[in-house]
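Residue-level structural notes
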Amino acid sequence: MLLKKNRDLEALLERINNNMANNYKDAAQDYLNQYEAKLRELVEAGALKDKQRAHYQSLLGSYRERMKEFRHKDQKPYWT
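Quick look at the structure, then. (Residues numbered from 1 in each chain as written. Predicted model: local features only at pLDDT ≥ 70, side-chain atom pairs only at ≥ 80, totals over all residues. Heavy atoms only, no water.)

1. Quick notes on the overall build of the protein chain
Test applied: Under the DSSP-based scheme used, a helix requires at least four consecutive residues in state H or I and a strand at least two consecutive residues in state E, with every element numbered from the N terminus. Burial classes follow relative accessibility: with a 1.4 Å probe on protein chains only, a residue under 20% of its type's maximum area counts as buried, one over 50% as exposed, and anything between as partly exposed. We call two residues contacting when some pair of their heavy atoms lies within 4.5 Å. All accessible-area figures derive from a Shrake-Rupley calculation using a 1.4 Å probe, and residue coverage is judged against the displayed protein chains alone.
When its secondary structure is counted, the protein chain shows three helices and zero strands. Each helix (α) and strand (β) of the protein chain, taken in turn from the N terminus, gives the series α-α-α. Looking at the protein chain residue by residue over its 80 residues, the buried ones come to 26%. Across the protein chain, contacts joining residues at least 24 apart in sequence account for 70% of those joining residues at least 6 apart. Summed over all atoms, the accessible surface of the protein chain reaches about 6,000 Å², with 47% contributed by carbon and sulfur.

2. Points about the packing of aromatic side chains
This is how it is decided: Any two rings among Phe, Tyr and Trp, with Trp reduced to its six-membered ring, count as a pair given centres within 6.5 Å; such a pair is stacked if its planes are under 30 degrees apart, edge-to-face if over 60, and tilted if neither. For a Lys NZ or an Arg CZ to count as sitting over a ring, it must be within 6 Å of the ring centre and within 35 degrees of the ring normal.
Considering all chains together, one arrives at zero aromatic pairs under this definition. The ring of Tyr63 carries the charged tip of Arg66 above its face, separated from the ring centre by 4.9 Å.

3. Focus: unusual backbone geometry
Backbone geometry at Asn23 places phi at a positive 65 degrees, although glycine is not the residue there. Among the secondary structure elements, Asn23 is positioned in the loop between helix H1 (7-21) and helix H2 (25-45).

4. A word on helix H3 (residues 50-66)
To keep things clear, this is the line we draw: Each helix should span, by expectation, one fewer than its residue count multiplied by 1.5 Å. Here the arc refers to the directions that run from the helix axis out to each C-beta atom.
The end-to-end C-alpha distance of H3, which contains 17 residues, comes to 24 Å, matching closely the 24 Å that a straight helix rising 1.5 Å per residue would cover. Of all the positions in H3, only Gln52, Tyr56, Leu60 and Tyr63 are classed as buried. Looking straight down H3, one finds its buried side chains confined to an arc of 70 degrees; they lie on one side. In H3, the exposed positions angled more than 90 degrees off the buried face are occupied by Asp50, Lys51 and Glu65. Considering only its buried residues, H3 is in contact with H1 and H2.

5. A closer look at the packing of H1 against H3
Any two packed helices are characterised by how steeply their axes cross, that is the angle between the axes, and by the distance between the axes. Put simply, the test is: Axis lines are fitted through C-alpha atoms, for helices just across the contact stretch, and the angle between N-to-C directions can take any value from 0 to 180 degrees. Angles below 35 degrees are treated as roughly parallel, those above 145 as roughly antiparallel, those between 65 and 115 as roughly perpendicular, and all remaining angles as oblique. For a crossing to be left-handed, the near helix must be turned anticlockwise from the far one by less than a right angle; the clockwise case is right-handed.
H3 packs onto H1 with a crossing angle of 20 degrees between their chain directions and a minimal axis gap of 12 Å. What the angle tells us is that H1 and H3 run roughly parallel. Where H1 crosses over H3, the two elements pack in a sense that is left-handed. Here H1 contributes Leu9, Glu10, Leu13, Ile16, Asn17 and Met20 to the contact with H3, which in turn contributes Tyr56, Leu59, Tyr63 and Arg66.

Following this line, the structure appears as structure tokens:
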């Protein structure tokens, strides 16, 4: 059985991926926060099925881990 995708969450994931690919660290972090808020909103409203909820929460965890130090302030200068 295929997992039906949520348009809002998928659009935010696409923005996160695009910003990460272009090294727009602050924008990627902002979209990740928007993704987390939208996911929370949909879960609280009961708008996601169990498999969808598990899938999108798993993605949130993996993006949080990948982007843990994905900020300009954490970037090490090459000359040090």
